[in-house]
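Reading the structure
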Amino acid sequence: MEKNELWPFAGLRVVDLSTEIAGAYATKLLVDSGAEVIKVEPPTGDPLRSWTASGQQLGPDEDGALFDFLNASKRSVVIDLETEAGKSDFLELVSTVDLVFESFAPGTLDALGLTLGAMQANNPALSVVSITPFGQTGPWCDRPNTEFTLQAAVGSIAYRGLPGRKPLAAGGRASEWAAGGFAASGGLCAWLSAKKTGAGQLVDLSKFEVQTLCLTVYHDLNGQWNEGPLPRGIELPSIEPTKDGWVGFCTITGQQWTDFCALIGQQEVAEDHAFLEGWHRMQHIDFIQEIVHSWTRERTVDEIVELALLLRIPVTPIGDGETLPLMDHIQARGVYRENDKGVLHPRPFYQLGVGEFRPPGPAPKLGEHTEEVLAEIKSLEPDFDKELGGTPHPLEGLRVLDLTAFWAGPFATCFLSDMGADVIKVESIQRPDGMRFAGARPGPDLWEWSPVFAGANTGKRAVTLQFDSEEGLALLKRLIAKADVVIENFSARVLENFGLGWEQVEAINPKAIMVRMPAFGLSGPWRDRAGFAMTVEQVSGLAWMTGYKDLPLVIRGLCDPAGGMHAIVSLIAALEVRKRTGRGQLIEMPLVEVALNLAVEQVLEYSAYGELLSRDENRSPAAAPQGVYYCKDEAELALSIETDEQWSALCSVMGDDELANDPALGSLAGRRSAHDALDVKLEAWLADLPLDETVNGLLEVGVPASQIVNGHFVMPNPQLEHRQFFQNMKHPVTGDTRYPGFPMKYSILGNQLHTGPPPTLGQNNEEVLKEELGLSDEEIEVLKEKKVIGTRPSFM
């Protein structure tokens, strides 16, 4: 068993009992950073071994490219959990490990006698991460579902699409990959908690809740504060046609929109301030697309990118499985490398200043290590460096200086707060966090009414410091000196312009860990480009798999919360290195490299098989038929058939013996080939049926179906209420408000973990400056007079 003390998670032992993407990706994140991961498979093997998105015919001993990527460097053990001998071997194995990841249906392991208690009998510090669609308990825990119908139920599908055309799901099973990031972070925190207390716990992860956070933009908070329903639409501008392909823009801020109008020679449009609002542009989509396309179609992608960058407008070419490895920035940073079969894999998503990654090894053959692992566990005991006596909050006592803005960084620090860290958010009244104004409800104190800011900043303390003043910068440096972690997500040049690059931070505080999350990294030709989540989705391939056949679309936001949870993995890795070395370090985590991992299947398929994957609207290689269909009064229903059993049940409900008895439709491949004809049949059958009764009837016989829920009305929801996903708190400005939590329910920590509502601008100025830095009342008053600190934007 290979182990290197420079690997961050050296000594962490993990059993991966999962199948599909989420669990395998979670444990891949751990094995890449040095954990020992043992994949436990049934005698027939993990079904993912035979999967390819392009439907390749694999040889008898050949595994698919996706399986190889997700399971590189792991060991494979065959254990039949249906037998008494197999159960005995499994219990003996888990008595020597720290974490188990599993994805069985709720109650499956308990029915086999493999309860949490049974697994902890000889290893009380063991934690189990359970990954299920809705969680282990609740009225929906056994509800038939697919990734597509989950998207329908959370509000993802309803608000993405063009007028007069059907709404669209996010493509590429992106939320499954995001769930892996949550599972890895949740498991690591349970491990840290057990090292403090000796007590492991169940981490009950709901993919429905992952989607609520990643595939909507805090729609429930929006629903509490604004009138609904949420309108369906797309970003304008976003992905636009050019002379030679597609180019992606992002105009989140008013300045970016104004500059974009100047770029295309439409300054007079920018003078109409109504167009500052994205929803207003959507109401005039024909006009906006006309003026945009008349300019973009006359120019190449390279010409447009060069011109837009001069105005610092976020812009990028649109990436896919063929073009991504060829992009100059991706090549300069050495993102892709060949595995043992010559297939391109992206490297780990972050870079360490101190410590090393495990060199990538091959994926195991089925049962390749069974004898080896079962023999070695006879002499192994759990390898815990327990610090007994602490509270179960894994990050209690960690001091975090949060310089982040918008979404990805604040999402990460919000989770740190939930795990016990003391997070101090730093803004300035000259430049508050820009997300305070995005989608904010108009009116007094509008900067306190942004759904995204509110959702991603609970539990923090907040101060304002003017960075570009001598006094403000000096105070910021004093806070850095007292911090364990400094985290930021500006473009690469911003902090360096203030003299706060890693060299300066290290000189102030050698034990500090600095997490930097620029869109494109700290090196390479695109280093200084501005980039938001939409930019990253556009370039990484995520947008390539989402949209209409004639128009790729951004997912809207997935990269930010997913990126935030990946930052947690990288930070915990650095904390483990610091425990052994006493050294702080710089972590570089480009958001684009997270996204390249989430969208990796496109590069895998092209590199391994020469197949270019592309969007297919609401269809999927994993399900057929699948789509949005109209019921009576054009009410929208999502339907998704993954298995032959579900197909038989659907035919039974339809009362269509012809379909049921057609042998060509008895397989997924056959139904995919006949998808157009099946859509016609389904539309005709559903056209006069009432939506709610039809959905309920389909669910009763095991067919995954859902209403297309508008995110504005996601609550009340019996499953979210059962799991207490939302936490009610009173905010000084917005009053009683319902805030989303995280999708992991801990059996010891619980899941109502927010310590307070999001802070108002500069809410804790006096508290932090007095208690942390020892300033007097007189000194604080001087800072107020000079506007170094304050509680209201200076421009409002």
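Small disclaimer: the values here were computed from a predicted structure and weren't measured.

Basis of the calculations
- Residues numbered from 1 in each chain as written.
- Predicted model: local features only at pLDDT ≥ 70, side-chain atom pairs only at ≥ 80, totals over all residues.
- Heavy atoms only, no water.
- Buried < 20%, exposed > 50% of the residue type's maximum accessible area, 1.4 Å probe, protein only.
- Helix = DSSP H or I, 4+ residues; strand = E, 2+ residues; numbered from the N terminus.
- Pairing = 2+ DSSP bridges.
- Contact = heavy atoms within 4.5 Å.
- Axes fitted to C-alpha atoms, helices over the stretch in contact; angles between N-to-C directions.
- Core = buried A, V, L, I, M, F, W, Y, C linked by side-chain atoms within 4.5 Å.
- Parallel < 35°, antiparallel > 145°, perpendicular 65-115°, else oblique.
- Left-handed = near helix turned anticlockwise from the far one by under 90°.
- Nonpolar A, V, L, I, M, F, W, Y, C, P; charged D, E, K, R; others polar.
- Patch = residues over 30% accessible without salt bridge, like charges linked within 9 Å, V, L, I, M, F, W, Y side chains within 5 Å.
- Areas by Shrake-Rupley, 256 points an atom, 1.4 Å probe, with all protein chains shown as cover.
- Salt bridge = Lys/Arg side-chain N within 4 Å of Asp/Glu carboxyl O.
- Phe/Tyr/Trp six-rings, centres within 6.5 Å; stacked < 30°, edge-to-face > 60°.
- Lys NZ or Arg CZ within 6 Å of the ring centre and 35° of its normal.
- Disulfide = S-S within 2.5 Å.
- Polar contact = N/O pair within 3.5 Å; in protein donor to acceptor, adjacent residues only side chain to side chain.

As for the pairing of strand β22 (residues 636-640)
- With 5 of 5 residues buried, β22 is to be regarded as a mostly interior element.
- Neither face of β22 is left uncovered, since the one carrying Glu636, Ala638 and Ser640 and the one carrying Leu637 and Leu639 both have all their residues buried.
- Hairpin remark: strand β21 (residues 626-630) followed by β22, antiparallel, with 5 residues in the connecting loop; positive phi at Asp633, about 60 degrees.
- Of the strand pairs in this sheet, β22 and strand β23 (residues 705-707) are connected by 3 bridges, and their pairing is antiparallel. Note on β23: the bridge partner recorded for Ala638 is Ser706.

Quick word on the sheet that holds strand β15 (residues 461-464)
- What the 7 strands build is an open sheet, ordered β12-β20-β17-β16-β13-β14-β15; its pairing is mixed. On the outer flanks of this sheet lie β12 (351-352) and β15, each paired with one strand and no other.
- In this sheet, strand β20 (residues 585-588) lies alongside strand β17 (residues 513-516) in parallel orientation, the contact comprising 4 bridges. Looking at the pairing, Met514 lines up with Leu586 of β20.
- With respect to the sheet, helix α19 (residues 470-482) is in contact with β13 (399-402), β14 (422-427) and β16 (485-488), its orientation differing from that of β13 by roughly 150 degrees.

Some words on the sheet that holds strand β7 (residues 239-242)
- Taken in spatial order, the 3 strands line up as β7-β8-β9 in an open sheet, and their pairing is antiparallel. The sheet terminates laterally at β7 and β9 (315-317), the two strands that pair on one side only. Between one strand and the next, the sheet's axes are offset by a mean angle of 30 degrees, whatever the strand orientation.
- Of the pairings in the sheet, the one linking strand β8 (residues 245-249) to β9 comprises 3 bridges and is antiparallel in character. Following the sheet pairing, Val247 is matched in β9 by Pro317.
- Helix-sheet contacts for helix α13 (residues 285-296) involve β7 and β8, and the interaxial angle to β7 is about 45 degrees.

Section: the nonpolar core
- Ranked by internal contacts, the top residues of the largest apolar core, which has 146 residues, are Phe9, Leu30, Phe182 and Tyr746.
- The leading source of residues in this core is helix α7 (residues 174-197), at 12 residues.
- For Tyr746, the contacting residues outside a window of four places in its chain are Gly186, Cys189, Ala190, Gln201, Leu202, Val203, Phe415, Met419 and Leu753.
- Core analysis: the next-biggest nonpolar cluster, separate from the first, contains 31 residues, Leu401, Leu465, Ile780 and Leu783 among them.

Some points on the packing of helix α1 (residues 21-32) against α7
- Taken N-terminus to C-terminus, the directions of α1 and α7 make an angle of 50 degrees; their axes are 7 Å apart at the nearest point. Considered as vectors, α1 and α7 are oriented oblique to each other. Between α1 and α7 lies a crossing whose hand is right-handed. Residues Ile21, Ala22, Tyr25, Ala26, Leu29 and Leu30 of α1 form the contact with α7, whose participating residues are Glu176, Trp177, Ala179, Gly180, Gly181, Ala183, Ala184 and Leu188.
- Among the residues forming the contact of α1 with α7, the class breakdown is 11 nonpolar, 2 polar and 1 charged.

Considerations on the pairing of β7
- With burial as the criterion, each face of β7 is covered, one bearing Ile239 and Pro241 and the other bearing Glu240 and Thr242.
- Strand direction decides the pairing type here: β7 and β8, joined by 4 bridges, are antiparallel. Across the sheet, the residue bridging to Ile239 is Gly248, located in β8.
- Counted along the chain from β7 to the antiparallel partner β8, the turn is 2 residues long.

Describing a nonpolar patch on the surface
- A cluster of nonpolar residues, Leu307, Leu310 and Leu311, forms a patch on the protein surface that exposes about 270 Å² of accessible area.
- As for its position among the elements, Leu310 is in helix α14 (residues 301-310).

Examining the packing of aromatic side chains
- Scanning the model with the defined rule gives 21 aromatic pairs in all.
- On the basis of an interplanar angle of 70 degrees and a centroid distance of 4.9 Å, the ring pair of Phe249 and Phe260 is categorised as edge-to-face. On the criterion of sequence distance, the pair formed by Phe249 in strand β8 and Phe260 in helix α10 (residues 254-263) is long-range, its members being 11 residues apart. No difference in accessibility class separates Phe249 from Phe260, as the two residues are buried.
- By way of ring pairs, the aromatic residues Phe182, Phe411, Phe415 and Phe742 are connected into one cluster.
- Cation over ring: Arg143 sits above Trp140, and NZ or CZ is 3.9 Å from the ring centre.
- The ring of Trp51 is capped by Arg173, whose NZ or CZ atom sits 5.0 Å from the centre of that ring.

A few points about helix α26 (residues 644-654)
- When α26 is considered as a whole, its buried residues turn out to be Gln646, Trp647, Ala649, Leu650, Cys651 and Met654.
- At its buried positions, α26 is contacted by β22, α27 (657-660), α28 (668-673), α29 (675-686) and α30 (691-700).

As for the state of the cysteines
- In this structure the tally under the stated criterion is 0 disulfides.
- Residue Cys189 stays outside any disulfide, its sulfur separated by 13 Å from that of Cys414, the closest cysteine.

Quick notes on the side chain of Asn339
- With respect to the helices and strands, the residue Asn339 is situated in the loop between β10 (336-338) and β11 (344-346).
- Owing to a relative accessible area of 17%, Asn339 belongs among the buried residues under this scheme.
- Side-chain polar atoms of Asn339 contact the backbone nitrogen of Lys341, separated by 2.9 Å.
- Reaching out from Asn339, the side chain makes a polar contact with the backbone nitrogen of Val343 at a distance of 2.8 Å.
- The residues touching Asn339, leaving out its near neighbours within four places in the chain, are Asp68 and His345.

As for the packing of α7 against helix α8 (residues 207-214)
- Where α7 meets α8, the axes come as close as 9 Å, and the angle between the chain directions of the two elements is 105 degrees. With respect to their mutual orientation, α7 and α8 come out roughly perpendicular. Every residue of α8 that contacts α7 at Ser175, Glu176, Ala178, Ala179 and Phe182 is listed here: Lys207, Val210, Gln211, Leu213 and Cys214.
- Residues of the contact of α7 with α8, tallied by class, amount to 6 nonpolar, 2 polar and 2 charged.

With respect to the pattern of salt bridges
- Evaluated as defined, the whole model comprises 50 salt bridges.
- Note that Arg173 and Glu20 form a salt bridge whose closest N and O atoms lie 3.0 Å from each other. One end of the pair, Arg173, is in the loop between α6 (147-154) and α7; the other, Glu20, is in the loop between β1 (13-17) and α1, and 153 residues separate them in sequence.
- Residue classification places Arg173 among the buried positions, given a relative accessible area of 16%.
- With relative accessibility at 35%, the residue Glu20 sits in the partly exposed group.

Observations concerning the environment of Ser648
- Relative to the assigned elements, Ser648 resides in helix α26.
- Assessed through its relative accessible area of 45%, Ser648 is described here as partly exposed.
- Separated by 550 residues in the primary sequence, Ser648 and Asp98 place their C-alpha atoms 42 Å from one another.

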